Amino acid sequence: MARADLEAIQEAKLLDLLPYAYERSALINATWTEAGVHPRDIKSLDDFRERAPFISKDAIRVFRDDKGDPYGGLLCFDESELTAITSTSGTTGDPTLVPEVWGGERREDATPALVREFYEIGTRPGDYFTCILFTFRGAFFAMVHSLGAVPVFLDHHPGELRRFVELSLELRPTNLYNFSNVLISELARTCEEMKVDPRDVMSSYHGIVHGGEPLGTRSRKLLDEWGVAGFEHTAVGDAGAATECREHDGCHFWEDSVIAEHLDPDNNETVADGTRGELVVTALDNRTMPLVRFRSDDLVDLTRERCGCGRTHGRIKTAGRKGDEVVIDGQSVLPMDVWEAIERFDETAMGLFQIIRTGQQMDALRLRVGHDGSTKQPDELSDRLMGAVTEATGVTPEIELVPNDDLLRLGPPHKIPRVAKR
Amino acid sequence: MTELWGVGSFAVGDRILPYPVSKDDHNRDIGSAMKAVSSLGIHEQSRALVLSMLSEAAQYWPVQIGLLITKAQFSLADASRFDAFRTAMFLKAMHYDVVLGINTDVLDGLDDLGHSYPDVFGKSPVLAARAGAYERLRDAGLSPRWWLHVGPTVAVECDQLAGAHVDGNEWQLDVADGEILLTARNPRAAVVDRLATGVRGEIVTDACACGREDPRVVPRD
């Protein structure tokens, strides 16, 4: 679709959404009133970018705490009209409540993003589809059903991988949602223990969707060895999801359902295409709890250049969270910057680590790193890690080694908090 | 070939067995779930917290559809040690009339977090607990009801506290050497014929004072 047509869809949906959200969302109403802006002032996408005020996680938390409103002033329905109240993962703090209104067996406000991605990866009617996830985000598998595929349900836990191997060999599913670095690393070990060839296990999969955290270098290498493509999947600032296409050059977000801006965090100016900025999102299809110009705190590289797959929808590559950055002697370090250095060693291959962050400006880079317990020389392992992290970041870290299980306990197991206060 | 809805699982002791479910099975399981929802006293505007794992979708998705049809609200948390914080979070944030599917993993997770069971669950009038968790909640001074996994189905205790009901239209219960055996009354995608469930107990076939005529399992401690 031509960009102009896409933006026409965005503009029409936006102009319909704004008065609705202004009338029904207490936080948006208060924010716009304070800024002296009314939805009738917004007649185009340009007006919106120029005049609409922002909302942020902090503003939602403050509203929640001050008003005793668990939805932070965003809910556009009476609570009694809700079907379900689910929640975000809560990896970086308290889970955020997600109110839902369903029609039949699926959410009315669910975007078709994942259906499109699953089809792109090759899911077709009658296929088995491995769903290896949690329950707390609700029935995403309704999207699998909508493609005519048959879900195979597994828990997202290393203890399920033997069953994953057995069911993959028996049923030969074609797609998988959702793998993580932890599961990929443990699958290699499980196949070894079961004396099966992981290439055979994965041979029926057209691809696997990987989410929760970025697909690590080591995980990608394992998937390459197994002959299966990994498709990274990430959130679009709580307003939707973005997934890689066959080009594997950034995660596409669907611009008919979300307006994504990327701004200089310091002056709110739009930064150049292809460069890094803070992701700011507006959810165009969510009438239950719409986010309007929501500052996600995520730092992304964003481009709207036409992709090799032919899509004109934009792409993002997530660099990290603004609140995760530490600066040591003027050198910025984000979790992504140390990831590959940690997972390159066998003892720390699961890539489990945390940056100890007491503030943005730090006098030293302190890392807590999980290891598998196989080393008999922890000091030597620390030295190797120090060398690798120094090479990757230009900053020599202090390393605290802990057993992997200590960090996995901070789960859910597909991701752990990458920053800790102590 | 029967059109499949999905492939779930169920446990017999320590063994986890695959459990294919057809669309017909799934639709009938929603009917069974409606009975279970009713037995727990859930009605329009009730709010329920459902604790389950995705591998249990064949058992728990019909329950969620039952809640949807009843027009009760629900929230979801994993029935895992990792996710116990979410159970505590929901129960602190709002009132739930029913918490169902409580298992020992969630209780272990609450132990890890230093929460007492009465503090977490004490405000919810109906606590429907699986084997192992039932006893621990009872020992903590709470009054749970049975939410008993019997092979691929779930038996649910009503307010008469006289055993856990199984949907008799779908399942036949027998007992051999004190172990409950389960047989599907209707054709299903999975063959369930005198399945040794690992559940020890007795079967009561008299009509319950709650009005249900479905058979009940009275578990043996």
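Model, not experiment: these values are computed from the prediction.

(A) Structural view of the overall build of chain A. A count of helices and strands for chain A gives 13 helices and 23 strands. Since a compact globule built from 422 residues should have a radius of gyration of about 22 Å, the 22 Å found for chain A is in line with a globular shape. Across its three principal directions, the C-alpha atoms of chain A cover 65 × 55 × 45 Å. Evaluated residue by residue, chain A yields a buried proportion of 48% over its 422 residues.

(B) Up close: the nonpolar core. By size, the foremost hydrophobic cluster in this structure holds 178 residues, and its most contacted members are A:Cys131, A:Val258, A:Val281, B:Ala48, B:Val99 and B:Ala128. It is helix α2 (residues 57-70) of chain B that provides the largest number of residues to this core, a total of seven residues. Ignoring any residue separated from it by four or fewer positions in sequence, one finds B:Val99 in contact with B:Leu49, B:Leu51, B:Phe121, B:Ser124, B:Leu127 and B:Ala128.

(C) Geometry of the environment of B:Ala48. Residues and elements named next belong to chain B. Position of Ala48 relative to the elements: it lies in strand β3 (residues 47-52). In sequence terms Ala48 and Val37 are 11 residues apart; their C-alpha atoms lie 9.7 Å from each other. The contact partners of Ala48, leaving out residues within four places of it in the chain, are Ile42, Leu67, Ala72, Phe74, Tyr96, Asp97, Val98 and Leu100.

(D) Quick peek at the domain arrangement of chain A. Partitioning chain A into structural domains gives domain 1 (3-100 + 237-244 + 248-322), domain 2 (113-235) and domain 3 (325-420). Here the C-alpha centroids of domain 1 of chain A and domain 3 of chain A sit 32 Å apart.

(E) Region of the structure containing the interface of chain B and chain A. Counting residues at the interface gives 27 residues for chain B, matched by 34 residues for chain A. When residues of the side of chain B that touches chain A are traced back to their parent elements, those giving at least two are β1 (4-12), β2 (15-22), α2, β4 (73-78) and α3 (84-93) of chain B. Considering each element in turn, the side of chain B that touches chain A owes the most residues, six residues, to β4(B). Residue classes in the side of chain B that touches chain A are distributed as 17 nonpolar, seven polar and three charged.

(F) Highlighting the sheet that holds strand β20 (residues 361-362) of chain A. Residues and elements named next belong to chain A. The strand order across the open sheet formed by three strands is β18-β17-β20, and the pairing between neighbours is mixed. A strand with exactly one partner marks an edge of an open sheet, and here the two such strands are β18 (331-333) and β20. One ladder, built from two bridges, connects strand β17 (residues 326-328) with β20; its direction is parallel. Its bridge partner being in β20, Ile328 is matched across the sheet by Met362.

(G) Inspection of the sheet that holds strand β23 (residues 419-420) of chain A at higher detail. Residue and element names in this part refer to chain A. The strand order across the open sheet formed by four strands is β22-β21-β19-β23, and the pairing between neighbours is mixed. At either end of the open sheet lies a strand with only one pairing partner, and these are β22 (397-403) and β23. Across seven bridges, the pairing between strand β21 (residues 365-371) and β22 is parallel. Bridged to Leu367 within β22 is Ile399. Sheet contacts for helix α11 (residues 335-343): β19 (353-356), β21 and β23; angle to β19, the most-contacted strand, approximately 140°. The strands that helix α12 (residues 378-393) touches are β21 and β22; relative to β22, the one it contacts most, it runs at about 130°.

(H) The arrangement of the packing of helix α8 (residues 181-194) of chain A against helix α10 (residues 217-226) of chain A in detail. Residues and elements named next belong to chain A. The interhelical angle for the contact between α8 and α10, taken along N-to-C directions, is 50°, at an axis separation of 9 Å. When the interaxial angle is binned, α8 and α10 end up oblique. Crossing handedness for the pair α8 and α10: left-handed. In this structure, α8 contributes Asn181, Ile184, Ser185 and Ala188 to the contact, and α10 contributes Ser219, Leu222 and Leu223. Here the residues of the contact of α8 with α10 are counted per class, giving four nonpolar, three polar and no charged.

(I) Structural detail: α2(B). Residue and element names in this part refer to chain B. The end-to-end C-alpha separation of α2 is 19 Å, in line with the 20 Å expected for 14 residues at 1.5 Å each. Every buried residue of α2 is listed here: Ala57, Ala58, Gln59, Tyr60, Trp61, Pro62, Val63, Gln64, Ile65, Gly66 and Leu67. Just downstream of α2 lies Lys71, where phi reads positive at about 65°.

(J) Up close: unusual backbone geometry. All names here are of chain A. Residues other than glycine seldom take positive phi values, yet Arg172 does so here, at roughly 55°. Locating Arg172 in the fold gives a position in the loop between α7 (161-171) and β8 (175-179). Of the residues examined, Arg172 has 12 C-beta atoms within 10 Å and is grouped as exposed.

Rules and cut-offs
Residues numbered from 1 in each chain as written. Chains lettered and ligands numbered in written order. Predicted model: local features only at pLDDT ≥ 70, side-chain atom pairs only at ≥ 80, totals over all residues. Helix = DSSP H or I, 4+ residues; strand = E, 2+ residues; numbered from the N terminus. Rg over C-alpha atoms; globule rule 2.2 N^0.38 Å. Buried ≥ 20, exposed ≤ 12 C-beta atoms within 10 Å, placed from the backbone. Core = buried A, V, L, I, M, F, W, Y, C linked by C-beta atoms within 7 Å. Contact = placed C-beta atoms within 7 Å. Domains from an automatic or database assignment. Nonpolar A, V, L, I, M, F, W, Y, C, P; charged D, E, K, R; others polar. Pairing = 2+ DSSP bridges. Axes fitted to C-alpha atoms, helices over the stretch in contact; angles between N-to-C directions. Parallel < 35°, antiparallel > 145°, perpendicular 65-115°, else oblique. Left-handed = near helix turned anticlockwise from the far one by under 90°. Expected span 1.5 Å × (residues − 1).

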